[in-house]
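Notes for the structure review
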Amino acid sequence: MSLLLTRYFHTSRLWNAAATAASAKPVEKSALAKLRRVTGYSFSKCKEALEKNGNDVKEAESWLRSQAQTHGWEKATKLQGRATAQGLVSILSSQHNAVMMEVNCETDFVARNKKFQSLVQKITSGCYTYSKGQAGAVDTILSKVSMSTDEVGSIPLDGSRSMKDEVAVNIGELGENIKLRRAVALGSGTSILLAGYTHPAAAEGSVLGKDVVQVGKFGAIVAYKSTEPSGKGISSGRMAEIGRQLCQHIVGMNPKEVGSLDAPPPKAVTLYATPPVVKTETDTPASASQEAPSEEKNNEEEFEYVAKSKSDVDETILVNQEFLLDPDLTVRDFLVQNSIEVVDFVRFECGEEVETTPAA
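Notes on the structure follow. These figures come from a predicted structure and were not determined experimentally.

**Some points on the sheet that holds strand β6 (residues 179-188)**
A sheet is described by the order of its strands in space; here five strands give the open sequence β3-β6-β2-β1-β8, paired in antiparallel fashion. The strands lining the two open edges of the sheet, one partner per strand, are β3 (142-147) and β8 (214-216). Looking at each pair of strands side by side, their axes are set apart by 15° on average, direction ignored. Two elements, β3 and β6, share six bridges in a ladder whose sense is antiparallel.

Below, the structure is given as structure tokens:
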């Protein structure tokens, strides 16, 4: 009796499976190709999604996304304690809006992966669009908003999904911990221009007015303006080039503050406490020795302005630094020659220690 029941249930299962297979729609090749192209998932995954959703490409795509997000968050939870010392700095800038981000991963191998770079470009564009939609700046004002990991992660990317959801999906696919470390968004009025630059630089990058996400290990955004009277401004092409050159300098020389063009250049001081004294073999006549003090004093006054010791210059101030692209000039000289004033700048270096303000 038990043998007959076993055969019955086995035959029943086979019949049900065959009936289900017969009733299911075969996967359409065009739908499979389209889903593969849109999502980038494997053919086997796309086929499964279409089978479960009756060849509906949109429903299948939604199912794949939800599966990837669930898997990604599970993977992210397991990897969240692992160090992320590598990654990329990214910039998207136009004349009056700019965003710079740092996105970290565990290894340089993943940092060079096209999928990781695509993620960085996608969330940088999302952050740019979001920040651009916030309150605009007054003509003469520069706005600068710094964002922490949690603040960047909560920015909506598309629909109900946030940036941290997108990161979770990529953690699941790349198998490494990924962290949205920080971001800064700048907005300016019409009188202040913004320029961005990353190093190493891509063959084609964005300086002014190009919606191209730049990526590298270092990045800088500079806010600057012309000091020429209205109607006598520099051409837009030249202004763009000046912005790029200033960013290159900031990346390479790492200044800590702008400094003031109104402040006088550092005063030259003597390398000696007193003028050198030249001794003679003959005795000095009494009349000559009486005149020596005033003569020595005059020499000392002149000598105070002869030589400059580099240690006396604060080289962390931008305008005091030798200009990276022309060592014969200081940045102050370059700015004055081109009738430019630097309003502010921001510099990121991937993996650098960031000073935090202690809680009050």
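Now, onward.
**Observations regarding helix α3 (residues 43-52)**
Turning to α3, its buried residues are Cys46, Ala49 and Leu50. Angularly, the buried residues of α3 cover 95° about the axis, an arc narrow enough to put them on a single face. Turned more than 90 degrees away from the buried face of α3 sit Ser44 and Lys52, all of them exposed. A positive phi of about 55° marks Gly54, the residue just after α3.

**Overview of the pattern of salt bridges**
This model, assessed by the stated rule, comprises eleven salt bridges. Across the pair Asp108 and Lys217 runs a salt bridge, and its minimum N-O distance is 3.4 Å. Of this pair, Asp108 sits in helix α5 (residues 108-111) while Lys217 sits in the loop between β8 and β9 (218-226), and the two are 109 residues apart along the sequence. For the salt bridge of Arg347 with Glu349, the shortest nitrogen-to-oxygen distance reads 3.4 Å. Several salt bridges share partner residues, and in doing so they unite Glu102, Arg181, Arg182 and Glu352 into one network.

**A word on the sheet that holds strand β7 (residues 193-199)**
Taken in spatial order, the three strands of this open sheet run β7-β9-β12, and their pairing is antiparallel. Each having just a single partner strand, β7 and β12 (340-349) make up the two edges of the open sheet. Averaged over all neighbouring strand pairs, the angle between strand axes comes to 15°, with direction disregarded. With nine bridges joining them, β9 and β12 adopt antiparallel strand pairing. Counted as the bridge partner of Tyr224 is Val342 from β12.

**Section: the pairing of strand β11 (residues 326-330)**
By the bridge criterion, two bridges tie strand β10 (residues 322-323) to β11 in an arrangement that is antiparallel. By the bridge assignment, Phe323 is partnered in β11 with Asp326. Two successive antiparallel strands, β10 and β11, enclose a turn made up of two residues.

Rules used throughout
- Residues numbered from 1 in each chain as written.
- Predicted model: local features only at pLDDT ≥ 70, side-chain atom pairs only at ≥ 80, totals over all residues.
- Heavy atoms only, no water.
- Pairing = 2+ DSSP bridges.
- Helix = DSSP H or I, 4+ residues; strand = E, 2+ residues; numbered from the N terminus.
- Axes fitted to C-alpha atoms, helices over the stretch in contact; angles between N-to-C directions.
- Buried < 20%, exposed > 50% of the residue type's maximum accessible area, 1.4 Å probe, protein only.
- Arc of directions from axis to C-beta.
- Salt bridge = Lys/Arg side-chain N within 4 Å of Asp/Glu carboxyl O.

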